[in-house]
Amino acid sequence: MLGKIHLLEGDLDKAIEIYKKAVEFSPENTELLTTLGLLYLQLGIYQKAFEHLGNALTYDPTNYKAILAAGSMMQTHGDFDVALTKYRVVACAVPESPPLWNNIGMCFFGKKKYVAAISCLKRANYLAPFDWKILYNLGLVHLTMQQYASAFHFLSAAISLQPKMGELYMLLAVALTNLEDPENAKRAYAEAARLDKCQPLVNLNYAVLLYKQGEKEGALAQYQEMERSVRLLRDSGSLEFDSEMVEMAQKLGAALRVGDALVWTKPVKDAKSKHRTTSTGKAAGVQQPLGSNQALGQAMSSAAAHRKLPPGAGGTSQLTRPPSLPLEPEPAVEAHPAEASAPRREKQEEDDPGVGVSSVRM
């Protein structure tokens, strides 16, 4: 109970210390082991999370909470087939779990089976119509399939439930760009830039749109703002971007005649080599923990590469790490994942801790 109080206060570190002491007194208590594993997973400490969840499954192989959490970790690291095997077991115990169907949908998304992904996500949405993370994922998948009107529908619904998240406005702007509504797309990009000042992908996509509209001064301002964001990320040691984003930034810099951007001197991982979609990431560590901004950065390079879109489009939707939802330890606790991701964003069960994408929260 003391651990739950710390969780209600948002003090994860003290909660973990309390649960660690509780596990010392009751090493075979699967509820304590599962909760402690979920807390470590939420913080991106995967080794300890896997250790405690594994211990919980050793004492109770049918513990669906631990199985769901373990599947989420495997999904985060791109082991979609193994994660789906785990989810099959959970489906027998809790067939109407929104986080379960959300994660199954994002597994299919990672396997590029988009129709199956949409079917699972819509079932999750039917079971939890007010979960913005599921709506976020639906919008992301529809963007990938170039179904921009449907993407606009789900992203608008997600924004009405989560109006303070910049990535949602950026994806909405991508959809509006492809629906040939540049004015509202500009408003959405401006709001995204206002809400998230450290996401260079927002500024890059906004700059591409302004350049195509002939507003070179505005495009240059956004390009410079993007460079500032990249420098901040580089200084913090979290500089890791999709190769397509870097290529587009270099092309735009050449078009704006600003020369080669010095901020792109650090080696960048190739998008294909890091096709370890975050499940629920970023959560996240970085995915941002379950998917983090890194997951969103890759997922949302949608508007960055215009070569795959028709004229007037904001860019392509080259998605590598779909945001999956993060795990949440207690129903009454609002979990704060360590991003990133995917974005990686997760939902918890009404009565039990569950897996949350995300993603996000890309």
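Refer to the structure above for everything that follows.
Here the structure is a predicted model, which means the values were calculated and not measured.

S.K.: Kindly report on the nonpolar core, identifying the contributing residues and their values.
M.R.: Judged by nonpolar contacts, the single largest core of 89 residues is most densely connected at Tyr 87, Ile 104, Leu 143, Leu 168 and Leu 204. The element that contributes the greatest number of residues to this core is helix H11 (residues 166–178), accounting for nine residues.

S.K.: Provide a residue-level description of the pattern of salt bridges, including the pertinent values.
M.R.: Tallied over the full model, the rule gives eight salt bridges. Note that Asp 81 is salt-bridged to Lys 111, the shortest N-O span being 2.7 Å. Taken together, the residues span a long stretch of sequence, with Asp 81 in helix H6 (residues 80–93) and Lys 111 in the loop between helix H7 (98–110) and helix H8 (114–127) at a distance of 30 residues. For Glu 215, the salt bridge goes to Lys 186, with nearest N and O atoms at 2.4 Å. Separated by 29 residues along the polypeptide, Glu 215 in the loop between helix H13 (200–212) and helix H14 (216–235) and Lys 186 in helix H12 (residues 182–195) bring together distant segments of the chain. On the basis of relative accessibility, which here comes to 33%, the residue Glu 215 falls in the partly exposed class. Look at Lys 186 and you get buried, because its relative accessible area is 11%.

S.K.: Run through unusual backbone geometry, naming residues and quoting values.
M.R.: One non-glycine residue, Lys 112, adopts positive backbone phi at about 65°. Mapped onto the elements, Lys 112 comes out in the loop between H7 and H8. Of note in this structure, Glu 180 is not a glycine but carries a positive phi near 60°. Within the secondary structure, Glu 180 sits in the loop between H11 and H12.

What counts, and where the lines are drawn
Residues numbered from 1 in each chain as written. Predicted model: local features only at pLDDT ≥ 70, side-chain atom pairs only at ≥ 80, totals over all residues. Heavy atoms only, no water. Core = buried A, V, L, I, M, F, W, Y, C linked by side-chain atoms within 4.5 Å. Buried < 20%, exposed > 50% of the residue type's maximum accessible area, 1.4 Å probe, protein only. Helix = DSSP H or I, 4+ residues; strand = E, 2+ residues; numbered from the N terminus. Salt bridge = Lys/Arg side-chain N within 4 Å of Asp/Glu carboxyl O.

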